Number of protein chains: 2
Amino acid sequence: MRGVMMYAPGDVRVEDRADPVILEPTDAIIRLSATCICGSDLWPYRGAEELQETPQPMGHEYVGVVTEIGADVKNVAVGDFVVGSFFTSDNTCEICRAGYQSHCVHRTPIGAEGTQAELARIPNADGTLVATPGQPDEDLIPSLLAASDVLGTGWFAAVAANAGPGKTVAVVGDGAVGLLGILAAKQLGAESIIAMSRHADRQELARQFGATDIVEERGDEGVAKVKELTDGLGAHSVIEAVGTQASMEQAIRSARPGGHVGYVGVSHDVSLDGFELFFSGVTLHGGPAPVRRFLPELIQLIWDRKIDPGVVFDLTLPLEQAAAGYTAMDQRTATKVLLTV
Amino acid sequence: MRGVMMYAPGDVRVEDRADPVILEPTDAIIRLSATCICGSDLWPYRGAEELQETPQPMGHEYVGVVTEIGADVKNVAVGDFVVGSFFTSDNTCEICRAGYQSHCVHRTPIGAEGTQAELARIPNADGTLVATPGQPDEDLIPSLLAASDVLGTGWFAAVAANAGPGKTVAVVGDGAVGLLGILAAKQLGAESIIAMSRHADRQELARQFGATDIVEERGDEGVAKVKELTDGLGAHSVIEAVGTQASMEQAIRSARPGGHVGYVGVSHDVSLDGFELFFSGVTLHGGPAPVRRFLPELIQLIWDRKIDPGVVFDLTLPLEQAAAGYTAMDQRTATKVLLTV
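Residues numbered from 1 in each chain as written. Chains lettered and ligands numbered in written order. Predicted model: local features only at pLDDT ≥ 70, side-chain atom pairs only at ≥ 80, totals over all residues. Heavy atoms only, no water.

Engineer: Any chance you could break down the sheet that holds strand β1 (residues 2–8) of chain A for me, citing the residues and the numbers?
Structural biologist: Taking strand neighbours across the sheet as the criterion, the three strands line up as β2-β1-β4 (chain A) in an open arrangement whose pairing is antiparallel. Two strands in the sheet have a free side with no partner beyond their single neighbour: β2 (11–16) and β4 (56–57) of chain A. (Pairing = 2+ DSSP bridges. Helix = DSSP H or I, 4+ residues; strand = E, 2+ residues; numbered from the N terminus.)

Put into structure tokens, the structure is as follows:
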């Protein structure tokens, strides 16, 4: 099969890879219908994170059709169209049952399999894959693919930030996750949603997803603007979808005492001052999103055409042109790149 | 009146101070029945925190009888026996109504008044003071005084840590707040409570308050013990009642993914690693406890003799001997010192 490998920062190649095979009776093999490039793939691409191996298979977002199942797999069948997420999970352990499948005691990282490819092995298939109600219409595939990570992650951020009726939600980060955090906050009933963005095209998408206010300022000036919009108190809920020191500080300072910060940008070189955090009075929750918790609900919302998260993909390329997709995301000429397989 | 002043680290004196007077129509004056020394008073005593002024009036825990009220005070009357806490609050602003009175937009620190004294001015009296159902029996006074801070703070920590039925709660810190966090977790219905303590007398009190297990190890060894007791997963809920780098790390690492850490030790020189926190999957909430939120319930529990938090006071001295009380707490010969007035 063909698959994407990263050899070094900036060096992404599509090449022949061995077809995956069933290794455990709980595995499934899927044929990808579509895959995509994640903001987190840019960390190693930019040299900000070491490669785990050289070359490294890439990709952890996926939708596709089951082609083979291990002897113990019962919840999905060959031919099912399925959605999964970036950590596999048994969905039966105590951590999973509490809704934290991304921390499952048997989790495995899908990134190790590399779903920017024609085929992929999915460990823990029963607890990881969710079948759609039937074969999806072609135009639903981008949205189902979004559910695999960026929508699920933005949704978790909104839930972690306690977004809901009567709440003002501020969103730090206007990438795909931040934008879909806006969509999630809107779906969860937020009263007003402040998007922090200085890019006209992303502001437009933010408004389309439900943002009621746009704040272009960053850092303490951005915080001051959020306070102006919230009677000087700060937002009830803040979604952090970047992962830098500046974005975390902006998020925490934008929340009111007793407010919630849901952070899903993978923290890089972030150090939180305990004294400031203590007196902020906020609740901080985040980490790798337990997307599996939300998949059944998200798939249904997409299936019923109540949400259209797939519009975050603003560039579609064939898998063979993956390198151009990485370049586009790195240079911010695209927000999110879908790869057709 | 007589009152405690700190002149410098280690230098505490009881001296004549001007009687407080009504300054605002929302003030009340109370005659203290009892007051006490707080673990946080030890920070400046040990030179770990600068004095705000020199000399500085001390004390922020108080119970007593209202002797005078300002023209606008309606909720308490002269003669009422009242309990308040370390931040005054209007109890009507949006932050108060959300239960975060310690962050009230009109809050004032009672520490600035100094309640280690015969009399004290209480700003925002209507939103700060809670009257007991009648004049309390003498033996209830220590428990009512505990409600003013250490019980209210331990209770908030347990609530912030999401303690409740079916939960395993670990408690880092065996001072008065940590011990009363155990009492709170028990009252909230926790299934098992792990006290982290290496002092025999405090272990005994911990068991009396509801601890089911004692862990003497600290740091990563303590974390390993908590994991042993929780099927390798970590506690559902962790109370942090110290405020150091080591105690915060111990608390976060003792919690399972999806678990909650309630931290109420005032953070001193604490810096949290963003990457570790991200992948821990815990929820972190804490800060200065909104004791006012809990006071009506706590007073009732004490009044009905369902809880006896006053036993944390293991040394009682007259106000005039406050300096000896500071020495005893500094040298850990006493857990918590009550000063009779």
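Engineer: Describe in detail the sheet that holds strand β11 (residues 168–172) of chain A, supporting the description with residues and values.
Structural biologist: The strand order β13(A)-β12(A)-β11(A)-β14(A)-β15(A)-β17(A)-β17(B)-β15(B)-β14(B)-β11(B)-β12(B)-β13(B) describes an open sheet built from 12 strands, whose pairing is mixed. With one partner strand each, in any of the chains shown, β13 (213–215) of chain A together with β13 (213–215) of chain B form the two edges of the open sheet. For this sheet the average axis-to-axis angle between neighbouring strands, irrespective of direction, equals 20°. Where β11(A) lies against strand β14 (residues 235–240) of chain A, four bridges are found, and the strand directions are parallel. Counterpart to V172(A) in the pairing with β14(A) is E240(A). Running over the sheet, helix α9 (residues 245–254) of chain A touches β11, β12 (192–196), β14, β15 (255–263) and β17 (283–286) of chain A and is turned about 145° from β15(A). (Axes fitted to C-alpha atoms, helices over the stretch in contact; angles between N-to-C directions. Contact = heavy atoms within 4.5 Å.)

Engineer: Please give an account of the side chain of S143(B) that cites residues and values.
Structural biologist: All names here are of chain B. Relative to the helices and strands, S143 is located in helix α4 (residues 141–147). Using a relative accessible area of 2% as the deciding quantity, one classes S143 as buried. Of the polar contacts made by the side chain of S143, one reaches the backbone nitrogen of G310; its length is 2.9 Å. When neighbours within four sequence positions are excluded, S143 is seen to be in contact with I302, D308, P309 and G310. (Buried < 20%, exposed > 50% of the residue type's maximum accessible area, 1.4 Å probe, protein only. Polar contact = N/O pair within 3.5 Å; in protein donor to acceptor, adjacent residues only side chain to side chain.)

Engineer: Talk me through the relation of the copies chain B and chain A; I want residue IDs and the actual numbers.
Structural biologist: Once chain B is rotated about the relating axis by 180° and shifted along it by 0.0 Å, it coincides with chain A to within an RMSD of 0.0 Å. Within this description, the copies of the chain are treated as partners about a two-fold rotation axis. Both copies present the same face, since 100% of the interface residues in chain B are matched by interface residues at the equivalent positions in chain A. (Least-squares fit on C-alpha atoms with pLDDT ≥ 70 in both.)

Engineer: With reference to specific residues and values, describe the pattern of salt bridges.
Structural biologist: This structure, assessed with the given rule, holds 28 salt bridges over all chains. E320(B) is paired through a salt bridge with R2(B); the nearest N and O atoms lie 2.7 Å apart. Placement of the pair is E320(B) in the loop between β18 (315–318) and α12 (322–330) and R2(B) in strand β1 (residues 2–8), with a sequence separation of 318 residues. Note that D137(B) is salt-bridged to R305(B), the shortest N-O span being 3.2 Å. Pair noted here: D137(B) is in the loop between β10 (130–131) and α4 and R305(B) is in the loop between α11 (291–303) and β18, with a separation of 168 residues, a long-range link. Overall, D137(B) belongs to the partly exposed group, its relative accessible area being 47%. Owing to a relative accessible area of 47%, R305(B) belongs among the partly exposed residues under this scheme. Each of D220(A), E249(A), R253(A) and E276(A) takes part in salt bridges that share partners, so that together they form one network. (Salt bridge = Lys/Arg side-chain N within 4 Å of Asp/Glu carboxyl O.)

That is the geometry; function is a separate question.
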